[in-house]
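# Commentary on secondary and tertiary structure
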Amino acid sequence: MGSLAFFLAIYLYPLTRLLVWSFFSPGFTLEHYAKLFAEPAYMQALRNTAEISVWVTALSLALGYPLAYLMTVVSGRVRTLLIVLVLVPFWTSVLVRTFAWMVILGKRGIINQLLMGWGVIDKPVALIYNMLGVQIGMVHVLLPFMVFPLLNVMTRIDTSLVTAARSLGASPRQAFLRIFLPLSLPGVSAGCVLVFLLAVGFYITPALLGGEGQVTFTTLIELVVRDLLDWNFGASLGVFLLTIVGTLFVLFSTLLGLERLTGDTRA
Amino acid sequence: MSVEARTTRRHFVKTIGAVGAAAAAGPFFHARPAQADKGELVVVSWGGSWAKSLREVMFAPFEKETGYKVRDDGPPEAAKLKAMAQSGSVTWDILDTDMPALQTMVKEGLLDPIDYSKIDKAKLNNIPKTLQSSHAVGHKIYSFNIVYNTKTYPGGKHPKSWAEVWDGEKFKGGRSFNFRGGIAPQLEIALLADGVPMDKLYPIDVERAWKSTDRLRPLVTKWYQSHAEAIQLVTAGEVDIACTIGPRAVYAKRSGAPVDVDYNQGKLGSDYWCLVKGGKNQEVAMQFINFALDGKRQAGMVKENPYGPSNSAAFEFLTPQEARDLTTAPDNVKRQFWINEDWWGKVGADGKNENQKQKERFAAWMLKK
């Protein structure tokens, strides 16, 4: 009961206010939503956000899956060490980490200095203020959100199933692809949903590490709410993004439904 | 459907819930705001070294002289004040903020007019008329200037006009202009780059200014979000030229950064003292504003923070060495122009001021491929 009241107070009430703002000004109106669809900039910002989020989710999975797998096969002590290594940056402020990337990836940053010192390149390459910078910065922040759901599922996979497959003549590759991978899919979907949803709402990293092609939807919401003080329009932007994310969440969990996935492998 | 499958789902939800809640909770926990009860004045500024000097130069002596306690809070964001006003619990008395923010606040009815009868005539005579507006009085002058890296352009070989900043052939190197951060977009500067003389900028030929900004676009490495970021970009050599606040460049230069400023064609603006509507101590607030506009006290502020004092009497208390680099030093101020706040504050038929309109257009422009 207490937790329900808490939930209503801090979550549902502000959301309702947001919804009301977006539709009333002061009488009922759709003008804020009309404006949102009339101005191509907002749709472009949404495309930018989607592009960044898909990339970051895919890269987090590509890096996170092998890492989580590695954690399941090493000894307990090494696993603890790896977990700490993933967690330590997780406890550092996003802003600090973003600035650290600027020092590392900048025109006169560590990587460019090294590459030029080795004669690999003769002019600095652009590693930030573009999509690459945003990808690097955001994957770094979001990787734990991919690794931990994966690890959670992987550690509970019965390894005797893999052993059984091997003893029945499956190659290591086959055993992985047909036994381990399908069993780990609930972790994959959980990790992807989590990373994608968080990426959609990211603000600081794309703003600092991105270029003009990485102006996101959240950047516009911030501009409208903080600089233009147009809270009704800002609310409609927020409700719109929330609707899209909510729809995607429902879609994800239906399509990648966990029951079905685990059920299939057990059949 | 097995028990285990349901456990997996519950686990999935739990994992998402726990990690998500931790991530989401962050922004909701603020420090307790300062309370403006009777006998106490809350002055809201942008923080940093400026706020530290305010405490030493302004607040402490004011407390001693009047017996009122001064509390500081920040940042003086219009959105925060609007939220306070809507919830009916305004805890601020005085704001120290910039023109775009305060014009929007005036439009929203969040500020009270300045009572000029409470300010000494002698002080007002020394403050430029353009800084004495109905709801705000200027105290801290800065300008948007050509700020450059001195390693890229040593020995005075830097661009000396906005036309030269626009010239990517003659001056190689990356530029940075502000996307957010107070006064933006830089329409006057775009016009100067296009050859419009400094005294013919207003009313702004908006279309011409945007066309000129189109030409700047390919030269810009990074559209920055804050002035601190701009100085950092130039200092680190990430960009070679930035259009940003000169005083911050002077501050960086004094601390040894390879950064300098050319005041030529700078756009002068100011931060202002404003009265919060519904503030509980209006009398004392006006008393504080009068106190803070004193030339000697302003001089005390700008020794540490090289902004331009609005009261020209401040220069009597500065050594030539201290005064030379300031925005409003006679040699610097005469090469610059004042932003026309009436033009930017003009409210159109759609209820928006020019500043809001151009900011919206800036965002749309930025997102145009």
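Here the structure is shown first, and the text comes after it.
Below you will find a few notes about this structure. The model shown is predicted, which means the values in this text are computed figures rather than measured ones.

## Here's the deal with the overall build of chain A
Summing up its helical and strand segments, chain A has 13 helices and 0 strands in all. Shown N-terminal to C-terminal, the secondary structure of chain A runs as helices and strands in the order α-α-α-α-α-α-α-α-α-α-α-α-α. For the C-alpha atoms alone, the extent of chain A along its principal axes is close to 70 × 60 × 35 Å. Counting across all 267 residues of chain A, residues that qualify as buried make up 42%. A sequence separation of at least 24 residues applies to 72% of the contacts in chain A between residues at least 6 apart. Surface accessibility of chain A: about 13,600 Å² in total, with carbon and sulfur atoms responsible for 73%. With 16 positive and 11 negative side-chain charges, chain A shows a spacing of 14 Å between the two charge centroids.

## Points about the overall build of chain B
The helix and strand inventory of chain B stands at 16 helices and 12 strands. Considering only residue pairs separated by 6 or more positions, chain B has 70% of its internal contacts joining residues 24 or more positions apart. A total accessible area of about 15,500 Å² is found for chain B, and carbon and sulfur atoms account for 55% of it.

## Looking at unusual backbone geometry
Residue Pro 75 of chain B follows Gly 74 of chain B across a cis peptide bond; omega there is -10°. By the element assignment, Pro 75 of chain B lies in the loop between strand E2 (69-73) and helix H3 (78-87). Look at the link from Tyr 202 of chain B to Pro 203 of chain B: it is a cis peptide, with omega at -10°. One can find Pro 203 of chain B in the loop between helix H7 (187-193) and helix H8 (206-216). In this model, Leu 229 of chain A sits at a positive phi of 55°, which is unusual for a non-glycine residue. Tracing the backbone shows Leu 229 of chain A in the loop between helix H11 (217-227) and helix H12 (231-255). Leu 229 of chain A gets classed as buried once you look at its relative accessible area, which sits at 2%. Positioned with a positive phi, Gln 265 of chain B is a non-glycine residue whose angle comes to about 60°.

## Structural notes on the packing of helix H9 (residues 172-200) of chain A against H12 of chain A
Residue and element names in this part refer to chain A. Two elements in contact, H9 and H12, have axes separated by 11 Å at closest approach and are oriented at 175°. It follows from the interaxial angle that H9 and H12 lie roughly antiparallel. Residue-level inspection shows Val 193, Phe 196, Leu 197 and Val 200 of H9 in contact with H12, the latter providing Leu 241, Val 245, Leu 248, Phe 249 and Phe 252.

## Digging into the interface of chain B and chain A
Contact with chain B, which involves 45 residues of that partner, is made by 45 residues of chain A. Between chain B and chain A, a total of about 4,300 Å² is buried, with carbon and sulfur atoms accounting for 61% of that surface. The interface formed by chain B and chain A contains 6 salt bridges. At the boundary of chain B and chain A, one finds 13 residue pairs in polar contact (both at pLDDT 80 or more). Of all the secondary-structure elements, those providing two or more residues to the side of chain B that touches chain A are helix H1 (3-25), H3, strand E8 (220-224), helix H9 (227-235) and helix H16 (354-366) of chain B. The dominant element in the side of chain B that touches chain A, judged by the number of residues it contributes, is H1 of chain B, at 10 residues.

## Thoughts on the pairing of strand E6 (residues 136-149) of chain B
Residues and elements named next belong to chain B. Burial analysis of E6 places 14 of its 14 residues in the buried class, which makes it a mostly covered element. Here 2 bridges tie strand E5 (residues 132-133) to E6, and the two strands are oriented antiparallel to one another. Following the sheet pairing, Gln 132 is matched in E6 by Val 137. As consecutive antiparallel partners, E5 and E6 are separated by 2 residues.

## Here we look at H12 of chain A
For H12 of chain A, built from 25 residues, the straight-helix expectation of 36 Å at 1.5 Å per residue is met to within 8% by its first-to-last C-alpha distance of 35 Å. Listed in full, the buried residues belonging to H12 of chain A are Trp 231, Phe 233, Gly 234, Ala 235, Ser 236, Leu 237, Gly 238, Val 239, Phe 240, Leu 241 and Val 245 of chain A. Contacts made by the buried residues of H12 of chain A are with helix H1 (2-23), helix H2 (31-38), helix H3 (40-73), H9 and H11 of chain A together with H3 of chain B.

## Remarks on the nonpolar core
Judged by nonpolar contacts, the single largest core of 135 residues is most densely connected at Phe 217 of chain A together with Trp 162, Phe 177, Trp 273, Phe 288 and Ile 289 of chain B. Sort the elements by how many residues they give to this core and strand E10 (residues 259-276) of chain B lands first, with 9 residues. Excluding residues that lie within four positions of it along the chain, Trp 162 of chain B makes contacts with Phe 144, Asn 145, Ile 146, Phe 177, Ile 189, Leu 192, Ala 193, Cys 243, Asn 264 and Gln 265 of chain B. Core analysis: the second largest hydrophobic core is formed by 22 residues, Met 131, Phe 145, Val 188 and Cys 192 of chain A among them.

Scoring rules and cut-offs
- Residues numbered from 1 in each chain as written.
- Chains lettered and ligands numbered in written order.
- Predicted model: local features only at pLDDT ≥ 70, side-chain atom pairs only at ≥ 80, totals over all residues.
- Heavy atoms only, no water.
- Helix = DSSP H or I, 4+ residues; strand = E, 2+ residues; numbered from the N terminus.
- Buried < 20%, exposed > 50% of the residue type's maximum accessible area, 1.4 Å probe, protein only.
- Contact = heavy atoms within 4.5 Å.
- Areas by Shrake-Rupley, 256 points an atom, 1.4 Å probe, with all protein chains shown as cover.
- Lys, Arg positive; Asp, Glu negative; His and termini not counted.
- Charge placed at Lys NZ, Arg CZ, Asp CG, Glu CD.
- Axes fitted to C-alpha atoms, helices over the stretch in contact; angles between N-to-C directions.
- Parallel < 35°, antiparallel > 145°, perpendicular 65-115°, else oblique.
- Buried area = accessible area lost by both parts, 1.4 Å probe.
- Salt bridge = Lys/Arg side-chain N within 4 Å of Asp/Glu carboxyl O.
- Polar contact = N/O pair within 3.5 Å; in protein donor to acceptor, adjacent residues only side chain to side chain.
- Pairing = 2+ DSSP bridges.
- Expected span 1.5 Å × (residues − 1).
- Core = buried A, V, L, I, M, F, W, Y, C linked by side-chain atoms within 4.5 Å.

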